[in-house]
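Structural characterization, general
Residues per chain are reported as follows:
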Amino acid sequence: MIALLSSRAIKSVYSDAIKPIVCCVSVDRRKALNRKNTFRNCIGGAMLSYNGDTEKLSLENQSDVLKKQLELQKDENYIKSRVNSYIEKFKNSDNKTEYVVRREYSSFFANKNFSTFLLSYPGKIDFGECNKSVAAVSLYTSGIKGLSINMIAAADKFFIDIVSDFETQDIVMALIREFAVNGLACSAGDLTPFDEDYGKLSRLRRK
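What counts, and at which threshold
Residues numbered from 1 in each chain as written. Predicted model: local features only at pLDDT ≥ 70, side-chain atom pairs only at ≥ 80, totals over all residues. Heavy atoms only, no water. Helix = DSSP H or I, 4+ residues; strand = E, 2+ residues; numbered from the N terminus. Expected span 1.5 Å × (residues − 1). Buried < 20%, exposed > 50% of the residue type's maximum accessible area, 1.4 Å probe, protein only. Arc of directions from axis to C-beta. Salt bridge = Lys/Arg side-chain N within 4 Å of Asp/Glu carboxyl O. Phe/Tyr/Trp six-rings, centres within 6.5 Å; stacked < 30°, edge-to-face > 60°. Axes fitted to C-alpha atoms, helices over the stretch in contact; angles between N-to-C directions. Parallel < 35°, antiparallel > 145°, perpendicular 65-115°, else oblique. Left-handed = near helix turned anticlockwise from the far one by under 90°. Contact = heavy atoms within 4.5 Å. Nonpolar A, V, L, I, M, F, W, Y, C, P; charged D, E, K, R; others polar. Disulfide = S-S within 2.5 Å.

**Section: helix 6 (residues 169–181)**
The end-to-end C-alpha separation of helix 6 is 18 Å, in line with the 18 Å expected for 13 residues at 1.5 Å each. Along helix 6, the residues that are buried comprise Ile 171, Val 172, Ala 174, Leu 175, Glu 178 and Phe 179. The buried side chains of helix 6 occupy one side of the element, clustering within an arc of 165 degrees when seen end-on. In this structure, helix 6 carries Asp 170, Ala 180 and Val 181 as exposed residues pointing more than 90 degrees from its buried face. Once helix 6 finishes, Gly 183 follows within two positions and takes phi at roughly 75 degrees, a positive value.

The structure is reproduced here in structure tokens:
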């Protein structure tokens, strides 16, 4: 739902945008790869597209569209096929002996931006007896260009941190309106500026 409401908020700010709003949702692929206990990075991204056709639907039907997209990309066979394709690409990179050539080949992955924003939700944190004392929890994403939305649950609340390297107050206010329209109470924290290489942070708290 957060992916959908965020996409709706972005679209309301950039109403003249022609291309779809694409949310890249973090997906843990360990189970699909039969590597439940590995410490290797098995996090991938599922691309959820909010386009003109989706925009015309009711909120419930919009949610169904994005859920189906997510279910497809969490399918075990789909994940294995994607991982195998990555393995082949990296094999091709390893076969290139000159460092400069390998770097240029690999830069395709680093410079390619497939999504409008990133959404990460690692789950719920249980602080046990200290839950009643938790005022706020923040999750920051480093090294990300563009817009990143990080959500975490704790102490019977959802906390959302929006990190960007550009001005996003319009998006934050649009997201707050989406919450309000759909009966979800939330409060917004202050904007926190970072250095130019990191970006700016806006914090929302969903009650």
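**So, the pattern of salt bridges**
Applying the stated criterion across every chain yields a total of three salt bridges. Across the pair Asp 28 and Arg 30 runs a salt bridge whose closest N-O atoms are separated by 2.9 Å.

**Points about the environment of Glu 167**
For Glu 167, the position within the fold is in the loop between strand 6 (157–164) and helix 6. Taking the C-alpha atoms as reference points, Glu 167 and Leu 147, separated by 20 residues in sequence, lie 9.8 Å from one another.

**A few points about helix 3 (residues 59–73)**
The first and last C-alpha atoms of helix 3 sit 21 Å apart over 15 residues, in line with the 21 Å expected at 1.5 Å per residue. Considered for burial, the residues of helix 3 that qualify are Gln 62, Ser 63, Leu 66, Gln 69 and Gln 73. Here the buried residues of helix 3 occupy an arc of 125 degrees about the axis, which is enough to place them on one side. Opposite the buried face of helix 3, by more than 90 degrees, sit the exposed residues Glu 60, Lys 68, Glu 71 and Leu 72.

**Notes on the packing of aromatic side chains**
Counting across every chain of the model gives one aromatic pair. Between Tyr 121 and Phe 158, the ring centres sit 6.1 Å apart and the planes meet at 55 degrees, which makes this aromatic pair tilted. Taken together, the residues span a long stretch of sequence, with Tyr 121 in the loop between strand 3 (117–120) and strand 4 (124–125) and Phe 158 in strand 6 at a distance of 37 residues.

**Re the packing of helix 1 (residues 2–13) against helix 3**
Running from N to C, helix 1 and helix 3 point in directions that differ by 115 degrees, and their axes come no closer than 10 Å. Classed by the angle they form, the pair helix 1 and helix 3 counts as roughly perpendicular. The handedness of the crossing between helix 1 and helix 3 comes out as right-handed. For the pair helix 1 and helix 3, contact is made by Ala 3, Leu 4, Leu 5 and Arg 8 and by Leu 59, Gln 62, Ser 63 and Leu 66, respectively. Here the contact of helix 1 with helix 3 is built from residues that sort into five nonpolar, two polar and one charged.

**A word on the state of the cysteines**
What makes a disulfide is a covalent bond joining the sulfur atoms belonging to two cysteines. Using the criterion set out here, one finds zero disulfides in the structure. Of all cysteine sulfurs in the structure, the one in Cys 24 sits closest to Cys 23, which takes part in no disulfide; the separation is 7.1 Å.

Nothing here speaks to function; it is geometry throughout.
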